[in-house]
Amino acid sequence: MGQGRPPAREVHGHFNSKLAREVSRLTGWTGKIWERRYQAIVISEEESAQVERLRYQLSHGAKEDLVEAPEDWPGIHCVRELLGGEPLTGYWFNRTQEYAARRRREEHDRYEYATLETVTLSPLPCWEHLPEEEYRRRIERQVASIKAETAARRKRTGADPLGPEAILAQHPHSRPKKIKRSPAPRFHAATKDRRRELYDGYAWFVAAFRTAAEKLKAGDPAPPFPRGCFPPALPFVGWE
């Protein structure tokens, strides 16, 4: 983590908060949008672990029998950008400027305080040394494998994909008949040894945090908290 760069957890939490507000704005929903808080799961540096996570992301839409192939997903999907370089673009609306304009009783169109933004996808750490052409070929092989695996499964089970039109026709409150309920793993690793190393590192981190927190509680003004954590707030100082 570079100096001055906010942790991924903080960035994603901020993003989810802003996204929830935009969803509420578009739908008129109130209350909670997300069922639970953002959870960051560590992925090991092993190539097989990283590729397995990439494959999981690429297969979204197809593995649930919603569309024939990942590219057919009617919403946002990384597969089109990774395969053909199709940019992921969208508008960022400056709600602060819009609010100020309303306070000034100023009329403005929807995009007057909007900026067109492009999301740039970084390569997998284990493949970042590859030339762009080779990186794309490996993505193509993964997508081809996903399609073949999906076709074989559908032939075996007789399942048919829902299709883009039917997906877009779904009411946003619709829920699947069965929802997968399983605890999220703490780590994604390819080998048992690497997974154990990650668990041991996490146990050390928790122990170091708790030790520092006890020292803070006992009056130490600057206990050594481990890097990458969020130290608890200092206790309230009352009136004498």
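Further remarks concern the packing of aromatic side chains. Under the defined criterion, the tally for this structure stands at seven aromatic pairs. For the ring pair tyrosine 91 and phenylalanine 93, a centre distance of 6.3 Å and an interplane angle of 40° mean the geometry is tilted. On the accessibility criterion, tyrosine 91 (46% relative accessible area) is partly exposed. Judged by its relative accessible area of 15%, phenylalanine 93 falls in the buried class. These aromatic residues form a ring-pair network of at least three members: Tyr91, Phe93 and Tyr111. The ring of tyrosine 56 is capped by arginine 53, whose NZ or CZ atom sits 4.7 Å from the centre of that ring.

Before going further, it helps to spend a moment on a nonpolar patch on the surface. Where nonpolar side chains cluster on the molecular surface, the patch consists of Phe15, Leu19 and Trp34 and spans about 290 Å² of accessible area. Relative to the helices and strands, leucine 19 is located in helix α1 (residues 8-27).

Next up on the list: the nonpolar core. By size, the foremost hydrophobic cluster in this structure holds 14 residues, and its most contacted members are Leu54, Leu58, Leu124, Trp127 and Ile139. Sorting the residues of this core by element identifies α2 (47-58), α3 (78-84) and α5 (132-157) as the ones contributing at least two each. With four residues, the top contributor of residues to this core is α5. What leucine 54 contacts, discounting residues up to four positions off in sequence, is Leu82, Leu124, Trp127 and Ile139.

The subject of this paragraph is the packing of α2 against α5. In helix packing, the relevant descriptors are the interaxial angle and the interaxial distance, both defined with respect to the helix axes. Viewed as axis vectors pointing N to C, α2 and α5 meet at an angle of 60°, and their least axial separation amounts to 10 Å. If you check the angle between α2 and α5, you find them oblique. Crossing of α2 against α5: the hand is right-handed. Residues Glu47, Val51, Leu54, Arg55 and Leu58 of α2 form the contact with α5, whose own contacting residues are Arg138, Ile139, Gln142, Val143, Ser145, Ile146 and Glu149.

What counts as what
- Residues numbered from 1 in each chain as written.
- Predicted model: local features only at pLDDT ≥ 70, side-chain atom pairs only at ≥ 80, totals over all residues.
- Heavy atoms only, no water.
- Phe/Tyr/Trp six-rings, centres within 6.5 Å; stacked < 30°, edge-to-face > 60°.
- Buried < 20%, exposed > 50% of the residue type's maximum accessible area, 1.4 Å probe, protein only.
- Lys NZ or Arg CZ within 6 Å of the ring centre and 35° of its normal.
- Patch = residues over 30% accessible without salt bridge, like charges linked within 9 Å, V, L, I, M, F, W, Y side chains within 5 Å.
- Areas by Shrake-Rupley, 256 points an atom, 1.4 Å probe, with all protein chains shown as cover.
- Salt bridge = Lys/Arg side-chain N within 4 Å of Asp/Glu carboxyl O.
- Helix = DSSP H or I, 4+ residues; strand = E, 2+ residues; numbered from the N terminus.
- Core = buried A, V, L, I, M, F, W, Y, C linked by side-chain atoms within 4.5 Å.
- Contact = heavy atoms within 4.5 Å.
- Axes fitted to C-alpha atoms, helices over the stretch in contact; angles between N-to-C directions.
- Parallel < 35°, antiparallel > 145°, perpendicular 65-115°, else oblique.
- Left-handed = near helix turned anticlockwise from the far one by under 90°.

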